[in-house]
Amino acid sequence: MWGSTMRYFPLQAKPCRVKFDGFTLPELMVGVVAGTMIMGASSVALRTTQTLISESQGKATLRQNTTNGLRLMRSEVERSMNLLVTRTNPSEQDDPETDLISNHSEVVSLCQTKAGSQGFKPIFGINMVELDDPVIYGVSLSSNKHGYSLMRCGAPLNMDGSYLGSKSASSDTTGSDGNENYQSKMFVSRVLDDIGTIPCKVNDLAEYEGCPTGQPLADVLQQSDFSFTQGKTPARTFQQPAIRVQTDINTKLVKFIDPYILDDTKNDDPYQISASYLERTSEVKSQTKQDLHFAAFARADKRVRYGFNDTNGNQGEGYSGGAFFQNITSRNVRFILDGSGSMSACVAWSGEYGNTRRRFYDPERGYIRTSRVCSFTRMEALQHEMIDIIQNLPDATKMGLAAFSTDGRRNNKTWTLSKSNLVELGPENSDTRQSAIDFVLSLSSGDPRYWGGTMPWDTLDEAFGDGITDTVYFLSDGKPNYDQNSGSWRSDDYETVADYYAGLNATRVTNGNRSIKINSTSVGLDSTWMQLLSSKTSGSYIKVEDL
């Protein structure tokens, strides 16, 4: 399906175990249907990945490989019910149904057999409501044998994004006897090629200890362990794959994290490893390197759209969408992000306790300090999506970035390069893109009590101050602390605010400038005023129920 080297491998059909974990069947099926368009686009794009790798070299190929692979994996994870992992020490609170090997050893064995000499070490599986067998992601040798690949082993995809042979496939799955036939087939493909190898860093070794002798990577892979301990796969050592995965207590989170921990305290090390990474290498040297930032939640899609101009499909170039922002196709776009302390709320607890205490916002109790280990906060979820957006928007995109909180607080600030006007992102790995990423990452620094409250007015007004912007993406997880005149925020302010910005749009058009479409996203709450704001500026409104 994706090349002559890939084949379908039939499995025996078996009863489907459906486990809801808090989601109703309608919610899960809505997630399946909502995800098919993204999946279709991702599957088509991924079919060209191996061709791109063989025909092109350097950063452009690495970037395309990463974009296509991560889009496919994100869309699969987000429409699934839960992950499947192997744990070193399962606890009583761990659901035995989420254990990968004990429940699906035959599927894992088949993936390993069909992968052949390139190897296949499973990391995690994803449990799909429309499939009898899970889709499994694992590590193999890279196409050039100088590194590693993240491989996908599971049911192949139809052009519409449904799984071949699944219950939701558009093709006829009814046999001649009139009974439904859900026989699964397996398909093995590379999702991410050129995962790096951990180098030997002499300064991280014990005194008088030297670098070990290198081994064939096939042997290193065979010896590598990907079982989860306290929600994480093991830290990596010399020659092992530069990828490490974290999950949460509910086994719904997939997050790539720092694979190498020995240099974490050495901030003066210019070669410090701080993230999982890809690295294209030749026989003698590294040609290019790229950090891997990825996080996604296994859940039914619970985004709800309202308002005018709802997007339909993945039309044109741009960013197809994540949890917060959808179908970004504008070439003149501003992002206005909530930087308030409530964005420090944890949305995925690991179930473990650490040696230090960290402060979070709790919607019920306010700010708390706890030694519980949080896998992901609202802010960190937003940061991961924004980094993905910044890395993948077209080069000619002009972008502005700002965070709002309260005047004088840490997160009430604008990205320096876009203070005066939008700035063109330029080519991949440009200083402009990196500067934007650095701004986004700065939003989680410091004590969240000092990030500030929710006052978006000045930042929204500034967006209407330039004549280039035509689209704003506006996100908030709370009600404004005050209205535009510093008075109490009340329900009769909703229409007033929406009418005010609709009026600014009318003035812009009169002055020969473009009107601005405000696409707003509320996180964890219903927001009538944001819905009205989007409607009166011809934008769309998304309510993210939870993460």
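Residues numbered from 1 in each chain as written. Predicted model: local features only at pLDDT ≥ 70, side-chain atom pairs only at ≥ 80, totals over all residues. Heavy atoms only, no water.

**Student:** Lay out the environment of Arg-190 with the relevant residues and their values.
**Tutor:** Counting through the fold element by element, Arg-190 comes out in strand S6 (residues 185-195). On the accessibility criterion, Arg-190 (8% relative accessible area) is buried. Note: C-alpha distance between Arg-190 and Cys-153 (37 residues apart in sequence) is 9.0 Å. A polar contact is formed between the side chain of Arg-190 and the backbone oxygen of Leu-141, at a distance of 3.2 Å. (Helix = DSSP H or I, 4+ residues; strand = E, 2+ residues; numbered from the N terminus. Buried < 20%, exposed > 50% of the residue type's maximum accessible area, 1.4 Å probe, protein only. Polar contact = N/O pair within 3.5 Å; in protein donor to acceptor, adjacent residues only side chain to side chain.)

**Student:** Describe the environment of Cys-374, listing the residues and the values that go with them.
**Tutor:** Summarising the element assignment, Cys-374 is placed in strand S17 (residues 366-377). Separated by 21 residues in sequence, Cys-374 and Tyr-353 place their C-alpha atoms 9.0 Å apart. Excluding residues that lie within four positions of it along the chain, Cys-374 makes contacts with Cys-346, Ala-348, Trp-349, Arg-358 and Phe-360. (Contact = heavy atoms within 4.5 Å.)

**Student:** Provide a residue-level description of helix H4 (residues 100-115), including the pertinent values.
**Tutor:** Across its 16 residues, H4 extends only 18 Å between first and last C-alpha, which sits more than 12% below the 22 Å expected from 1.5 Å per residue. Every buried residue of H4 is accounted for by Leu-100, His-104, Val-107, Val-108, Leu-110, Cys-111 and Ala-115. The N-cap residue of H4 is Asp-99: its side-chain oxygen and the backbone nitrogen of Ile-101 are 3.4 Å apart. With its phi angle positive at about 65°, Gly-116 sits one or two positions after the end of H4. (Expected span 1.5 Å × (residues − 1).)

**Student:** I'd like to hear about the packing of aromatic side chains, residue by residue, with values.
**Tutor:** Summed over the entire model, instances satisfying the criterion amount to 17 aromatic pairs. Measuring from ring centre to ring centre gives 5.4 Å for Tyr-361 and Tyr-367, while their planes differ by 70°; the resulting arrangement is edge-to-face. According to the relative accessible area criterion, Tyr-367 is partly exposed, its value standing at 33%. Each ring, one from Phe-464 and one from Tyr-501, has its centre 5.4 Å from the other, and the planes form 35°; the classification is tilted. Of this pair, Phe-464 sits in the loop between helix H8 (457-463) and strand S21 (471-476) while Tyr-501 sits in helix H9 (residues 493-510); the two residues are 37 residues apart in sequence, bridging distant segments of the chain. Of the two residues, Phe-464 and Tyr-501, both sit in the buried class. Chaining the aromatic ring pairs together yields one cluster made of Phe-404, Trp-457, Phe-474, Trp-489, Tyr-494 and Trp-529. In this structure, Lys-289 packs its charged tip against the face of Tyr-277, placed 4.2 Å from the ring centre. (Phe/Tyr/Trp six-rings, centres within 6.5 Å; stacked < 30°, edge-to-face > 60°. Lys NZ or Arg CZ within 6 Å of the ring centre and 35° of its normal.)

**Student:** Pulling in residues and values, what's your account of the pattern of salt bridges?
**Tutor:** Counted according to the given criterion, the structure contains 18 salt bridges. Asp-466 serves as the salt-bridge partner of Arg-334, at 2.9 Å between the closest nitrogen and oxygen. Here Asp-466 lies in the loop between H8 and S21 and Arg-334 lies in strand S15 (residues 332-338), a separation of 132 residues in the sequence. Both residues of the pair, Arg-334 and Asp-466, belong to the buried class. Asp-470 is the salt-bridge partner of Arg-514, the closest N and O atoms lying 3.6 Å from each other. Here Asp-470 lies in the loop between H8 and S21 and Arg-514 lies in the loop between H9 and strand S22 (517-523), a separation of 44 residues in the sequence. Residues joined by salt bridges that share partners form a network here, namely Arg-359, Asp-447 and Arg-449. (Salt bridge = Lys/Arg side-chain N within 4 Å of Asp/Glu carboxyl O.)

**Student:** Describe the state of the cysteines, and please don't skip the residues or the numbers.
**Tutor:** According to the stated counting rule, one finds 3 disulfides in the structure shown. Shown here is the disulfide that connects Cys-111 with Cys-153, its sulfur atoms set 2.0 Å apart. The sign of the -90° torsion about the S-S bond sets the Cys-111-Cys-153 disulfide as left-handed. With Cys-111 in helix H4 and Cys-153 in strand S5 (residues 148-154), this pair connects stretches of sequence that are 42 residues apart. Here Cys-346 pairs with Cys-374 through a disulfide, and the sulfurs are 2.2 Å apart. Since a negative S-S torsion denotes a left-handed disulfide, the Cys-346-Cys-374 link at about 105° is right-handed. (Disulfide = S-S within 2.5 Å.)

**Student:** Could you give me a rundown of the packing of H9 against helix H10 (residues 528-536), with the residues and numbers involved?
**Tutor:** At a closest axis distance of 9 Å, the pairing of H9 and H10 adopts a crossing angle of 25°. On the basis of their axis angle, the class for H9 and H10 is roughly parallel. Like other packed secondary-structure pairs, H9 and H10 cross with a definite hand, here right-handed. Here Tyr-494, Glu-495, Val-497, Ala-498, Asp-499, Tyr-501 and Ala-502 of H9 lie close against H10, whose contacting residues are Thr-528, Trp-529, Leu-532, Leu-533 and Lys-536. Here the residues of the contact of H9 with H10 are counted per class, giving 8 nonpolar, 1 polar and 3 charged. (Axes fitted to C-alpha atoms, helices over the stretch in contact; angles between N-to-C directions. Parallel < 35°, antiparallel > 145°, perpendicular 65-115°, else oblique. Left-handed = near helix turned anticlockwise from the far one by under 90°. Nonpolar A, V, L, I, M, F, W, Y, C, P; charged D, E, K, R; others polar.)

**Student:** Help me get a handle on the pairing of strand S18 (residues 398-404), residues and values and all.
**Tutor:** Counting buried residues in S18 gives 6 out of 7 residues, a clear majority hidden from the surface. Bridge count between S15 and S18: 7 bridges; the pairing is parallel. Among the inter-strand pairings, Ile-336 is bridged to a residue of S18, identified as Ala-402. Direction of pairing for S18 relative to strand S19 (residues 413-414): antiparallel, over a ladder of 2 bridges. (Pairing = 2+ DSSP bridges.)

**Student:** Before we move on, can you summarise unusual backbone geometry with the specific residues and values?
**Tutor:** Phi is positive for Gln-239, close to 75°, though the residue is something other than glycine. Turning to its location among the elements, Gln-239 is positioned in the loop between helix H5 (217-223) and strand S7 (244-246). Phi at Asn-429 is positive, roughly 60°, even though this residue is not glycine. Turning to its location among the elements, Asn-429 is positioned in the loop between strand S20 (423-424) and helix H7 (431-441).

**Student:** Run through the sheet that holds S7, naming residues and quoting values.
**Tutor:** With respect to topology, 3 strands assemble into an open sheet ordered S7-S8-S11, the strand pairing being antiparallel. Bordering the open sheet on either side are S7 and strand S11 (295-297), each of which pairs with just one other strand. Between one strand and the next, the sheet's axes are offset by a mean angle of 25°, whatever the strand orientation.

**Student:** Summarise the nonpolar core; cite the residues concerned and give the values.
**Tutor:** With 38 residues, the main nonpolar core has Phe-324, Phe-325, Phe-335, Leu-382, Met-386, Met-399 and Leu-401 as its most contacted residues. When residues of this core are traced back to their parent elements, those giving at least two are S11, S15, helix H6 (378-392), S18, H7, S21 and strand S23 (540-544). Grouped together as the second largest cluster of nonpolar side chains are 37 residues, Leu-131, Val-135, Leu-157 and Val-245 included. (Core = buried A, V, L, I, M, F, W, Y, C linked by side-chain atoms within 4.5 Å.)

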